[in-house]
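# Observations on the three-dimensional arrangement
Residue strings, one per chain:
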Amino acid sequence: MKIPFVDLHAQYLSIKPEIDAAMAEVIAQSAYIRGPQVDVFEQAWAKTLGVKHCVSCANGTDAIYIAMRGLGIKPGDEVITTAHSWISTSETITQAGGRVVFCDTDNETFTINPAHVEAKITPRTVGIIPVHLYGQPADMDAIMAIAQKHKLWVIEDCAQAHLARFKGRLIGTFGNAASFSFYPGKNLGAYGDAGCATTNDDHLADWMTTFARHGGKGEHVMEGINSRMDGLQGAVLNIKLPHLAAWTQARQRVAARYNELLKGIGDIVTPKVAPGRDHVYHLYVIRTEKRDALKKHLAEAGIATVLNYPKALPFYPAYAYLGHKPDDFPVAHANQSRILSLPIFPEISEEMISYVAGKNTEFFSREGASKVPAERANPVAVQA
């Protein structure tokens, strides 16, 4: 059996007539850059979140950069963000003229640890960018309390957490602004790069809209950038959005099944969900000290896995100038060698889930690291 990490074609086939018709309409209208489909999506996504403004742009990375510029970041300003994430979160701080200040993560949720944030604040600190990593919200109560105490702005990086909730409230509605990625593999994905920034601040929304479109079409009131959503991407997102809630529930069911099948297997630690948080499982990330050997075993069995992310950000060459050591971020450093993302997507079958779990069990049985019941070691659906 071959198990892909994600199967975007299966999702396309499930909504093929709708997608094909929407894309044909864009082509018929030659509405390739922005256009009516993008306008509709901006309104629909803002309504979904319950925010006043959605400013579409070319990708989620641009969304973070645009929001920071709109919030008035200046050269040398410090911005605190998580030590373990994709580099978009941190590289945009530097690109906007700021200085990256990394903060260690919570061991259970992989999100920024609020207990360490306050110690990172200096007179030059202007903002915090928490990342709702893998689909689990960061502790927004604690983060917002710190931000309010020190008069800092907050941009939520929601690239992996569409429809995730913190204490019943949708993420992307807590900070001054939020960024979303609609990269094809995201829970709500386009068929190319696309993103948006959201906010309830009228002035900030106007500024971001103008800046993202060359500083104003026709009358350039500033020097901006070119970051616009394509009409085809808007059309795809409009078709997918009504399905997002059901796809999210499917991901949660898959995660629950993995949790059940992997319980007590070797030293595997399945994802922990903190109280008051709804995890939407963009990624299903386990931890094990035997990560590399397990990954090899699964690959040999036809199971695709990914390392999200193989290094904590402070330890990449790009940030060597900061001179960080493993002891500076002990949790992020320890987890980088333990994490492994297993296949998860709404269309994955029970047979596939059982096969993946069975091959995990097989590995630890061979390693002598797990004593499991025979029915767990040989799930019915596990076969070559």
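Residues numbered from 1 in each chain as written. Predicted model: local features only at pLDDT ≥ 70, side-chain atom pairs only at ≥ 80, totals over all residues. Heavy atoms only, no water.

### Brief notes about the overall build of the protein chain
Test applied: A run of H or I in DSSP becomes a helix once it reaches four residues, and a run of E becomes a strand once it reaches two; helices and strands are each numbered from the N terminus. Values of the radius of gyration come from C-alpha atoms, whereas the globule rule sets the reference at 2.2 Å times the count of residues to the power 0.38. Relative accessible area decides the class of each residue, using a 1.4 Å probe on protein chains only: under 20% of the type maximum gives buried, over 50% gives exposed, and in between gives partly exposed. Contact definition: two residues touch when any of their heavy atoms are within 4.5 Å.
Assigned secondary structure in the protein chain consists of 14 helices and 12 strands. Whereas a compact globule of 384 residues would reach a radius of gyration of roughly 21 Å, the protein chain reaches 21 Å, a difference of no more than 12%. Reported as C-alpha extents along the three principal axes, the dimensions of the protein chain are approximately 70 × 55 × 35 Å. For the protein chain, buried positions account for 54% of its 384 residues. Contacts in the protein chain between residues far apart in sequence, at least 24 positions, make up 71% of those at least 6 positions apart.

### Looking at the environment of lysine 167
On the secondary structure map, lysine 167 appears in the loop between β6 (165-166) and β7 (169-170). Judged by its relative accessible area of 56%, lysine 167 falls in the exposed class. When the C-alpha positions of lysine 167 and glutamine 336 are compared, they lie 28 Å apart, and in sequence the two are 169 residues distant. Aside from chain neighbours lying at most four places away, what touches lysine 167 is Asp141 and Gly276.

### Quick word on the pairing of strand β12 (residues 339-342)
What counts here: Think of it this way: DSSP has to see at least two bridges between two strands before they count as a pair.
Neither face of β12 is exposed, since Ile339 and Ser341 on one face and Leu340 and Leu342 on the opposite face are all buried. With four bridges connecting them, strand β11 (residues 284-287) and β12 associate as antiparallel partners. Directly across from arginine 287, in β12, lies its bridge partner isoleucine 339.

### A word on helix α3 (residues 36-49)
Operational definition: Residue count minus one, scaled by 1.5 Å, sets the expected span of a helix. It is the directions from the helix axis to the C-beta atoms that the arc portrays.
When the terminal C-alpha atoms of α3 are compared, their 20 Å separation across 14 residues agrees well with the 20 Å that a helix rising 1.5 Å per residue should span. Those residues of α3 that fall on the buried side of the exposure criterion are Gln37, Val38, Phe41, Glu42, Trp45, Ala46 and Leu49. Down the axis of α3, the buried side of the element spans an arc of 160°, and every buried residue falls inside it. Opposite the buried face of α3, at more than 90 degrees from it, the exposed residues are Gln43 and Lys47. Within two residues after α3, glycine 50 carries a phi angle of roughly 80°, on the positive side.

### Things to note about the packing of aromatic side chains
So the rule is basically this: Pairs were defined over the aromatic rings of Phe, Tyr and Trp, the Trp ring being its six-membered one, requiring ring centres within 6.5 Å. Orientation was assigned from the angle between planes: stacked under 30 degrees, edge-to-face over 60, tilted for the rest. Comment: the charge-over-ring label is applied if NZ (Lys) or CZ (Arg) is within 6 Å of the ring centre and within 35 degrees of the ring normal.
This model, assessed by the stated rule, comprises 17 aromatic pairs. Pairing phenylalanine 41 with phenylalanine 182 gives two aromatic rings, centres 5.2 Å apart and planes at 90°, and the pair type is edge-to-face. Taken together, the residues span a long stretch of sequence, with phenylalanine 41 in helix α3 and phenylalanine 182 in the loop between β8 (177-181) and β9 (195-199) at a distance of 141 residues. You'll find phenylalanine 41 and phenylalanine 182 in the same group, each marked buried. With 5.2 Å between their ring centres and 90° between their planes, tryptophan 45 and phenylalanine 180 make a pair best called edge-to-face. Here tryptophan 45 is found in helix α3, whereas its partner phenylalanine 180 is found in strand β8, with 135 residues between them in sequence. A residue is classified by how much of its surface remains accessible, and tryptophan 45, at 0% relative accessible area, is buried. One aromatic cluster in this structure is built from Phe102, Phe315, Tyr319, Tyr321 and Phe329. Between the NZ or CZ atom of arginine 169 and the centre of the ring of phenylalanine 174, over which it lies, the distance is 4.1 Å.

### A word on the sheet that holds β7
Taken in spatial order, the three strands make up an open sheet running β7-β6-β10, and their pairing is antiparallel. Strands with a single pairing partner mark the edges of an open sheet, and in this sheet they are β7 and β10 (277-278).

### Re the nonpolar core
Within soluble globular proteins, side chains that are nonpolar tend to cluster in buried spots. Put simply, the rule reads: The criterion is simple. A nonpolar core is a set of buried Ala, Val, Leu, Ile, Met, Phe, Trp, Tyr and Cys residues joined through side-chain atoms within 4.5 Å.
Among the nonpolar cores identified, the biggest contains 33 residues, and Ile66, Met68, Val79, Phe102, Ile129, Trp153 and Met208 are the most heavily contacted of them. Of all the secondary structure elements, the ones that give two or more residues to this core are β1 (53-57), α4 (60-70), β3 (99-103), β4 (125-129), β5 (153-157) and α8 (202-211). Sort the elements by how many residues they give to this core and α4 lands first, with six residues. Other than its neighbours up to four places away in sequence, tryptophan 153 contacts Met68, Leu71, Val79, Val126, Gly127, Ile128, Ile129 and Asn176. In this structure, Ile3, Leu261, Ile265 and Leu340 belong to the second largest nonpolar core, which totals 26 residues.

### Here we look at the sheet that holds β4
This is how it is decided: Every axis corresponds to a line fitted to the C-alpha atoms, with the helix fit spanning only the stretch in contact, and the corresponding angles, defined between N-to-C directions, vary from 0 to 180 degrees.
Across the sheet, seven strands lie side by side as β1-β9-β8-β5-β4-β2-β3; this open sheet has mixed pairing. Two strands lie at the open edges of the sheet, namely β1 and β3, each paired on one side alone. Neighbour-to-neighbour, the strand axes of this sheet turn through a mean angle of 25°, independent of strand direction. For β1 and β9, the ladder comprises five bridges, and the chain directions are antiparallel. The residue bridging histidine 53 from the neighbouring strand is threonine 199, located in β9. Along the sheet, α3 makes contact with β1, β8 and β9, crossing β1 at roughly 135°. On the sheet, helix α5 (residues 88-95) packs against β2 (78-82), β3, β4 and β5 and is oriented at approximately 150° with respect to β3.

### Quick notes on the packing of α4 against α5
Under the convention used in this document: Any angle between 65 and 115 degrees counts as roughly perpendicular, while under 35 counts as roughly parallel, over 145 as roughly antiparallel, and the rest as oblique. Put simply, a crossing is left-handed when the front helix is turned counterclockwise from the back one by less than a right angle, and right-handed when it is turned clockwise. Each residue gets one label: Ala, Val, Leu, Ile, Met, Phe, Trp, Tyr, Cys and Pro are nonpolar, Asp, Glu, Lys and Arg are charged, and the others, such as Gly, are polar.
In the contact formed by α4 and α5, the axes pass within 9 Å of each other and the chain directions differ by 40°. Relative to α5, α4 is oriented oblique. Here α4 and α5 pass one another in a crossing that is right-handed. Residue-level contacts link Thr61, Ile64, Tyr65 and Met68 of α4 to Ser88, Thr89, Glu91, Thr92, Ile93 and Gln95 of α5. Residue composition of the contact of α4 with α5, by class: four nonpolar, five polar and one charged.

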